[in-house]
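# Coordinates in review
These are the residues of each chain, in order.
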Amino acid sequence: STQSTGKESRYSTLKNCVLMLLDYPEHYSREIINKWKIVIEEHGGEVASFYNPAHVTHIICMCRMSETYKRALKDGKCITTAHWLNDVVVGKEYITPTNPLHIPRQFKTGLPECSKMKISVTGYEGKERIYVKDMIRVIGAIYTGELSQQNTHLISNKSDGLKYAKAQKWGTEIVNARWLTDIVIYGVVSVTSEKKYTVLGDPMEMTLNDNVLPKLRESWQKAAAQRTKFNTPVILFTGLPSDKNQKLTQMLKRMKCKLTSDVREATHLVTLKIVRTVKFLAAMSKCRYIVMPSWVEESHNKKILQDEMAYILDDKENEQALGFTIRDSLARAAKTKVFAGLEMFLTPHIQPGPKDMRTIVECGGGTVATEEQALARMNQTPESRPNFYVVSCPIDQMMSQQFMQRSIQIYTSEFVLSAVLTQEVDFESNKLFAAVSAPAAAARTPSSNDGGDQRSGANTPQQPSTPLPASAAT
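Quick caveat, the model's predicted, so the values are computed rather than measured. (Residues numbered from 1 in each chain as written. Predicted model: local features only at pLDDT ≥ 70, side-chain atom pairs only at ≥ 80, totals over all residues. Heavy atoms only, no water.)

## Some thoughts on the pattern of salt bridges
According to the stated counting rule, one finds 14 salt bridges in the structure shown. Here glutamate 414 ties to arginine 276 by a salt bridge, and the two come within 2.5 Å at their closest N and O atoms. Remark: arginine 276 occurs in the loop between β11 (268-270) and α11 (278-286) and glutamate 414 occurs in helix α18 (residues 414-422); sequence separation between them is 138 residues. Comparing glutamate 414 with arginine 276, the two get one shared label, buried. Between arginine 332 and glutamate 424 there is a salt bridge; the shortest N-O distance is 3.5 Å. With arginine 332 in helix α14 (residues 326-335) and glutamate 424 in the loop between α18 and β17 (431-433), this pair connects stretches of sequence that are 92 residues apart. (Salt bridge = Lys/Arg side-chain N within 4 Å of Asp/Glu carboxyl O. Helix = DSSP H or I, 4+ residues; strand = E, 2+ residues; numbered from the N terminus. Buried < 20%, exposed > 50% of the residue type's maximum accessible area, 1.4 Å probe, protein only.)

## Thoughts on the environment of tyrosine 164
For tyrosine 164, the position within the fold is in helix α5 (residues 162-170). Distance in space between the C-alpha atoms of tyrosine 164 and threonine 122 is 7.6 Å, their sequence separation being 42 residues. Apart from the residues lying within four places of it in its own chain, the contact partners of tyrosine 164 are Leu154, Ser156, Lys158, Ser159, Ile174 and Leu200. (Contact = heavy atoms within 4.5 Å.)

## Structural notes on the packing of aromatic side chains
One pass over the structure, following the stated rule, counts 13 aromatic pairs. Aromatic side chains tyrosine 24 and tyrosine 28 sit 6.0 Å apart centroid to centroid with 40° between the ring planes, which places their arrangement in the tilted category. The buried category is assigned to tyrosine 24, whose relative accessible area is 6%. Where tryptophan 84 meets tyrosine 94, the ring centres are 5.7 Å apart and the plane angle is 85°; that geometry is what we call edge-to-face. Residue tryptophan 84 is found in helix α3 (residues 82-91), and its partner tyrosine 94 is found in the loop between α3 and β5 (118-122); the two are separated by ten residues along the sequence. Tryptophan 84 gets classed as buried once you look at its relative accessible area, which sits at 0%. Here a set of aromatic residues connected by ring pairs shows up, and it is made of Tyr389, Tyr411, Phe415 and Phe427. Above the face of the phenylalanine 50 ring, lysine 303 is positioned so that its terminal group lies 4.9 Å from the ring centre. (Phe/Tyr/Trp six-rings, centres within 6.5 Å; stacked < 30°, edge-to-face > 60°. Lys NZ or Arg CZ within 6 Å of the ring centre and 35° of its normal.)

## Observations regarding the sheet that holds strand β10 (residues 258-259)
What the four strands build is an open sheet, ordered β10-β9-β11-β12; its pairing is parallel. Where the open sheet ends on each side, the last strands, each with one partner, are β10 and β12 (289-291). Relative to β10, strand β9 (residues 234-237) runs parallel, the two sharing two bridges. Following the sheet pairing, valine 234 is matched in β10 by lysine 258. Packed on one face of the sheet, helix α10 (residues 242-254) meets β9, β10 and β11 and runs near 175° to β9. (Pairing = 2+ DSSP bridges. Axes fitted to C-alpha atoms, helices over the stretch in contact; angles between N-to-C directions.)

## Re the environment of leucine 73
With respect to the secondary-structure elements, leucine 73 resides in helix α2 (residues 67-74). Under the relative-accessibility criterion, leucine 73 is labelled buried at 17%. With 14 residues separating them in the primary sequence, leucine 73 and isoleucine 59 have C-alpha atoms 9.3 Å apart. Non-local contacts of leucine 73, meaning those with residues more than four positions away in its chain, are made with Ile79, Lys215 and Leu216.

## Notes on the packing of helix α16 (residues 371-378) against helix α17 (residues 397-404)
Between α16 and α17, whose axes approach to 10 Å, the crossing angle comes to 35°. When α16 is examined against α17, the residues Glu371, Ala374, Leu375 and Met378 are found in contact with a partner set consisting of Met399, Gln402 and Phe403. Split into classes, the residues belonging to the contact of α16 with α17 amount to five nonpolar, one polar and one charged. (Nonpolar A, V, L, I, M, F, W, Y, C, P; charged D, E, K, R; others polar.)

## Let's talk about the nonpolar core
Formed by 58 residues in total, the largest nonpolar core has its most connected members in Phe280, Phe339, Met344 and Val416. With near-sequence residues (within four places) excluded, phenylalanine 339 lies in contact with Met344, Ile360, Val361, Gly364, Gly365, Gly366, Val416, Ala419, Val420 and Val425. With 35 residues, the next largest nonpolar core counts Cys17, Tyr24, Ala48 and Ile60 among its residues. (Core = buried A, V, L, I, M, F, W, Y, C linked by side-chain atoms within 4.5 Å.)

## Considering unusual backbone geometry
Between glutamine 351 and the following residue, proline 352, the backbone shows a cis peptide bond with an omega angle of -5°. Relative to the assigned elements, proline 352 resides in the loop between β13 (343-346) and α15 (354-363). Positive phi values are uncommon outside glycine, yet serine 407 reaches one of about 65°. Looking at the element boundaries, serine 407 is found in the loop between α17 and β16 (410-411). Classification of serine 407 by relative accessible area gives buried; the value is 16%.

Following this line, the structure appears as structure tokens:
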């Protein structure tokens, strides 16, 4: 969650930036991290405690090894270090990474092979000298202000001076700052005899070239476009106990996820089991994922949204009873809308009621006709309304018969409810009253998607194919 100090921003250097401090809290005290948060907010930025790609713009991290780093890199986020943050804050200017210390390293702490190195510096002044000294500490070597025979290396940008002369006399390795730069970036100690490390005085020796981690650097160039690429998850609950509901709600708010009670807005449904609620039935067509509460809990605990596919609802008992699998149905729903191209008229006494059934049908890509529109369809020829159906119940038989006499197929509510569970429309099951063939249409062979039944007099209600009754509860 965003940490707020209650203070107005003094500067706008980090305006519109939402930064997540990754792995630094493991190495620095809470007091220091809180100071960093205050400084970020004073410069117009915001601090996030959870990685939500629709919210976070920058990852500030020490190394390139965590799951969050890899996810953020894939998402095209701006990834950098506390050294970059310091340079931005001190310089009061937003910059892209310009030196090796702005790039997260490939190792967590100092390299073992550097631990016995004693390194001194000569020829560097001001900010450059600070950078060189910081790189020495980052790789795990020891920095010494004075040069002695115990020193293993001298970092120099000139081939003169007292330290240079002594290093030559004692046989101390003399290299430029690019040697340190490559260790910091790649985590490998190169041999000092390579020519690129022995040329002294190169003004570009600490500059990042275009070949350094191109994907990471490319993300900075595309940062503005990338932020609009992600949509924050919109979460809907159904069938959860109130205490579980409250607990998950607080977790999602901290993760900057949006909660909704409207299935039409939802991208994720969180539930404990298959329930024949309107929310669940509509979500089968509308939501990309139907997940267990553990998805929220693990995402919260790990501070990064977990892969939903590992948490898809597992309810084999009800899947077997209802004759479908959630994973297969969600995969079908992702490819096409189950009711695409279909129009239905809903009679008044169906269960779930017409309002709830309309939601289920429309979330599945179908359209629901008004009574006026339905009467107009009834007066059209069968060929001009091949995908028009009526969903009714025995209590509405009088209304249904006028459609039936015009060769319009009448189905029970199970026609819709079974279809959204399987994400496949079965036109042969769940007929309430079979359509009566009009003389003009008697010779017509029904198409695979009009569901017509040409059997004369087939007007007795059929039993639904699925055993559980639908519930209008949410």
